[in-house]
Amino acid sequence: MGNLETRNRYFDELANTPGLIWMGQNTNHIPAHPAVSEAMVRSVEAQEHNAYAPPLGFEALRRAIVADLGVAGMSALVTEGGVNAIAAVCRATARPGTTLVTTDPTWKWPCIFARQMGAEVVQIPIYDPKQDFKLSPARLAAEVDERTAIIYLVDPNNPLGVRYDRDEIVLFAEIAKSVGALLVHDCTYRDFATGHTPVLEVAPEGTVVTVSFSKWLGLAGMRIGAVLASPDLVEVFAEQSSSVLGASVIAQRGAMAGLEVKPEWIGEVRRITRENNRMLAVRARELGLGVPIPESHGNFMIFETGPLGITPEALVEAARREGVMIRHGRYHSEGFGDRFIKVSTSVPAEWAEVLCQELPRFIETARSLNDVPELF
Ligand SMILES: Cc1ncc(COP(=O)(O)O)c(C=O)c1O
């Protein structure tokens, strides 16, 4: 309980820091498309929030989500963020005696949800340049067996920014099928990637895709995402979802407007993000940080602090004191988290420039920090 209170105060302080430069949670701070803001304002003005949304989501939004992923015939359940999509899947699938198999690094919350259901978590290390920082089908095949209930694949991987090829996705789905496991393809960052293949496109049975409006559309605080799968599977997940009264009406209006303007919006978001990635990678190298994965398919990059003899935590704390939020690796990985920081880049170019400019100072401060308070 004490730890939860400390964690809450940590985020409360960040959220209440005027002008904070949020570059730690892969959120999107590029000015919103006016149509998206207008849709949400109109919804508030019409007091739509007085009523509940349909339990599975507005039909128009469900259709638009399926069309956006390009998987006709599949069904979508709108959830309060991608996190609740995955929570419902874990609740429906994980049991004592089963395993959830994923990578290290991965996104930690599905592991926690699976453990809450009594399942065991198996993590396959991928932080290795010799493996291109990726999971290979052979290594996955070696770790799954008849106990495997869920294979959880984050693609592009947060925090590494690697993404999988179509052939690899096909093989992962075959491996899942061979042991009767559900392949959960977390596609939260797909809109930042080049050449991404959602598993439902190549193997629509026994597979699931989760998506989010937090990152590409900048709606993290609105809490909206979805799970897509065959209609029978979506029904099973919906029955296990705790969001039985639907997701936010206002968020759904924003999401619908977002999908409509996506073709004219996403290109610019990607351009700004890529340019920030490039600028930060150049600066990090100049300053002696390690840049193990120079081409990220995500709206984030990792930089290794080891070459400078400082810890990720010290650097994150030094930046926090100056109003810049970046993330330490341990949030992402028990095995490799002491090696890197993660910086999120779907932000105005000026923010990335501030970080580039201030980084030498943060590094200097980090060198003198002995007692770093707990970070989350
Ligand atoms: C890999 C991954 N999946 C899912 C999410 C959940 O996003 P949300 O619940 O905001 O839609 C995140 C958020 O950081 C993430 O990194």
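Everything below is about the structure printed above this text.
Here the structure is a predicted model, which means the values were calculated and not measured. (Residues numbered from 1 in each chain as written. Predicted model: local features only at pLDDT ≥ 70, side-chain atom pairs only at ≥ 80, totals over all residues. Heavy atoms only, no water.)

1. Topic: the packing of aromatic side chains
Next up, step 1: For the coordinates displayed, the defined rule picks out eight aromatic pairs.
Next up, step 2: Here the aromatic rings of Tyr-189 and Phe-300 are separated by 4.9 Å at their centres, their planes lie at 85°, and the arrangement is edge-to-face. One end of the pair, Tyr-189, is in the loop between strand 6 (182–186) and helix 8 (199–202); the other, Phe-300, is in strand 9 (residues 300–304), and 111 residues separate them in sequence.
Next up, step 3: An aromatic cluster of at least three residues, connected via ring pairs, comprises Tyr-127, Phe-133, Phe-336 and Phe-340. (Phe/Tyr/Trp six-rings, centres within 6.5 Å; stacked < 30°, edge-to-face > 60°. Helix = DSSP H or I, 4+ residues; strand = E, 2+ residues; numbered from the N terminus.)

2. Quick look at the site of the ligand
Next up, step 1: Around the ligand, 13 residues are found, and the nearest of them are Gly-82, Asp-186, Tyr-189, Ser-212 and Ser-214.
Next up, step 2: In this structure, Ser-212 approaches the ligand through a side-chain N or O atom, which is 2.6 Å from an oxygen atom.
Next up, step 3: Contact with the protein chains covers 93% of the free accessible surface of the ligand, which is 390 Å².
Next up, step 4: For the shell around the ligand, a count of residues per class yields four nonpolar, six polar and three charged. (Near = heavy atom within 4 Å. Polar contact = N/O pair within 3.5 Å; in protein donor to acceptor, adjacent residues only side chain to side chain. Areas by Shrake-Rupley, 256 points an atom, 1.4 Å probe, with all protein chains shown as cover. Nonpolar A, V, L, I, M, F, W, Y, C, P; charged D, E, K, R; others polar.)

3. What about the pattern of salt bridges?
Next up, step 1: If you walk through the whole model with that rule in mind, you get 22 salt bridges.
Next up, step 2: One salt bridge in this structure joins Asp-165 and Arg-163, with 2.7 Å as the shortest N-O distance.
Next up, step 3: Look at Asp-165 and you get partly exposed, because its relative accessible area is 35%.
Next up, step 4: Among the ionic pairs, Asp-191 bridges to Arg-190, the shortest N-O distance being 3.7 Å.
Next up, step 5: A relative accessible area of 12% places Asp-191 in the buried class.
Next up, step 6: A single network of salt bridges, built from pairs that share partners, joins Glu-13, Glu-317, Arg-320 and Arg-321. (Salt bridge = Lys/Arg side-chain N within 4 Å of Asp/Glu carboxyl O. Buried < 20%, exposed > 50% of the residue type's maximum accessible area, 1.4 Å probe, protein only.)

4. Structural notes on the sheet that holds strand 9
Next up, step 1: The strand order across the open sheet formed by three strands is 9-12-11, and the pairing between neighbours is antiparallel. Pairing within the sheet leaves two strands with one partner each, and these edge strands are strand 9 and strand 11 (327–328).
Next up, step 2: Pairing of strand 9 with strand 12 (residues 340–344) involves five bridges; the strand directions are antiparallel. If you follow Met-301 over to strand 12, its bridge partner there is Val-343.
Next up, step 3: Together, strand 9 and strand 12 form the strand contacts of helix 10 (residues 249–286), whose direction differs from that of strand 9 by roughly 5°. (Pairing = 2+ DSSP bridges. Contact = heavy atoms within 4.5 Å. Axes fitted to C-alpha atoms, helices over the stretch in contact; angles between N-to-C directions.)

5. Some points on the pairing of strand 8 (residues 225–229)
Next up, step 1: Most of strand 8 sits inside the fold, with five of its five residues counted as buried.
Next up, step 2: Where strand 2 (residues 75–79) meets strand 8, five bridges bridge the pair, whose relative direction is antiparallel. Paired with Ser-75 across the strands is Ala-229, a residue of strand 8.

6. Focus on the packing of helix 4 (residues 82–93) against helix 5 (residues 108–116)
Next up, step 1: Interhelical geometry of helix 4 versus helix 5 gives an angle of 30° and a closest axis separation of 9 Å. As far as their axial angle goes, helix 5 and helix 4 are roughly parallel. The element helix 4 and its partner helix 5 pack so that their crossing is right-handed. From helix 4, Val-83, Ile-86, Ala-87 and Cys-90 reach across to helix 5, where they touch Trp-109, Pro-110, Phe-113 and Ala-114.
Next up, step 2: Of the residues assigned to the contact of helix 4 with helix 5, the class counts are eight nonpolar, no polar and no charged. (Parallel < 35°, antiparallel > 145°, perpendicular 65-115°, else oblique. Left-handed = near helix turned anticlockwise from the far one by under 90°.)

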